[in-house]
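Secondary and tertiary structure notes
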Amino acid sequence: MLIKFDNVQIGYVNKVICNNINLEIEDGDYITVFGENGSGKTTFLKTLVGIIPELKGKIIYDKSIDTKSIGYLPQSINVRSDFPASAFEIVLSGCIKRLKFRPFYTKKEKDFAKEVMQIFNISRLAGRPFRELSGGQQQRVLLARAYCSMKKILVLDEPFTGLDPYSVKQLILTLDELNKQGITIIIVSHLVSAALECSKKIVKISKDETFVGTPEEYKRKEEEEYAAVRNDIE
């Protein structure tokens, strides 16, 4: 077990968003997080990666994990229009945690960043100014940066935003392949059908009750709820 949520309550100082989250994240998991707008999906991720503290309960991390070693791609990142860095420099900056006490990147980090750009099929963008890329291209560059910063866990908040259908399909395949290679993936996504095919666990965030289970259990629950609604109507 890498991370355990033990009766965790999430939210902010004056606002509880979700209660009693119980979840075990295993090495090699692929977890998709669903929920209505405002249900707390982003808050859940921010709590997971340590940006905001849990209100109650406890999040337990394996000794091999700390929040700084989790690769995290937020839902939106504002970049100044005059930001001068190239796509490669943005990806390379994800390696900063690997420097430890060194003030500069070595050939090892630079080669790794190039390999990651190949993984995400953005090598052709390496020399282009980040500010001149399309929204979808920027998203893939930032995803590659998040990958460079992580050790075992990649946490993504709506990574398909701004991507065309072909790019979405390619990114889904890439994430699936990374998971098969042992990377633990936790992703917020509105692509329910794709998530049910790829995921090992589903987390549906709700203020009243948070569902945690397999895709099969999620489908069964949805079918039972739909049948109950039909019976009430009839």
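The preceding data block contains the structure.
Reading guide: rules and limits
Residues numbered from 1 in each chain as written. Predicted model: local features only at pLDDT ≥ 70, side-chain atom pairs only at ≥ 80, totals over all residues. Heavy atoms only, no water. Buried < 20%, exposed > 50% of the residue type's maximum accessible area, 1.4 Å probe, protein only. Helix = DSSP H or I, 4+ residues; strand = E, 2+ residues; numbered from the N terminus. Pairing = 2+ DSSP bridges. Axes fitted to C-alpha atoms, helices over the stretch in contact; angles between N-to-C directions. Contact = heavy atoms within 4.5 Å. Phe/Tyr/Trp six-rings, centres within 6.5 Å; stacked < 30°, edge-to-face > 60°.

**Some words on the pairing of strand E5 (residues 70-73)**
Here E5 shows two buried faces, one formed by Ile70 and Tyr72 and the other by Gly71 and Leu73. Pairing analysis gives 4 bridges linking E5 to strand E6 (residues 153-157), with the strands arranged parallel. Across the sheet, residue Ile70 finds its bridge partner in E6, namely Ile153.

**Concerning the sheet that holds strand E7 (residues 184-188)**
Spatial ordering of the open sheet is given by E5-E6-E7-E3-E8-E9, a layout of 6 strands whose pairing is mixed. Single-partner strands in this sheet number two, and they are E5 and strand E9 (211-213). Strand-to-strand twist in this sheet, taken as the mean axis angle between neighbours without regard to direction, amounts to 10°. Pairing of strand E3 (residues 30-34) with strand E8 (residues 201-204) involves 4 bridges; the strand directions are parallel. Bridge pairing in E8 links Ile31 to Lys201. Against the sheet, helix H1 (residues 41-48) contacts E3, E5, E6 and E7, and its axis sits at roughly 155° relative to E6.

**Side note on the packing of aromatic side chains**
Under the criterion given, the structure shown has 5 aromatic pairs. Taken together, a centroid distance of 5.8 Å and an interplanar angle of 55° make the contact between Phe211 and Tyr218 tilted. Accessibility expressed as a relative area gives 14% for Phe211, which makes it buried. Classification of Tyr218 by relative accessible area gives buried; the value is 8%. Members of the aromatic cluster, connected to one another through ring pairs, are Phe34, Phe211 and Tyr218.

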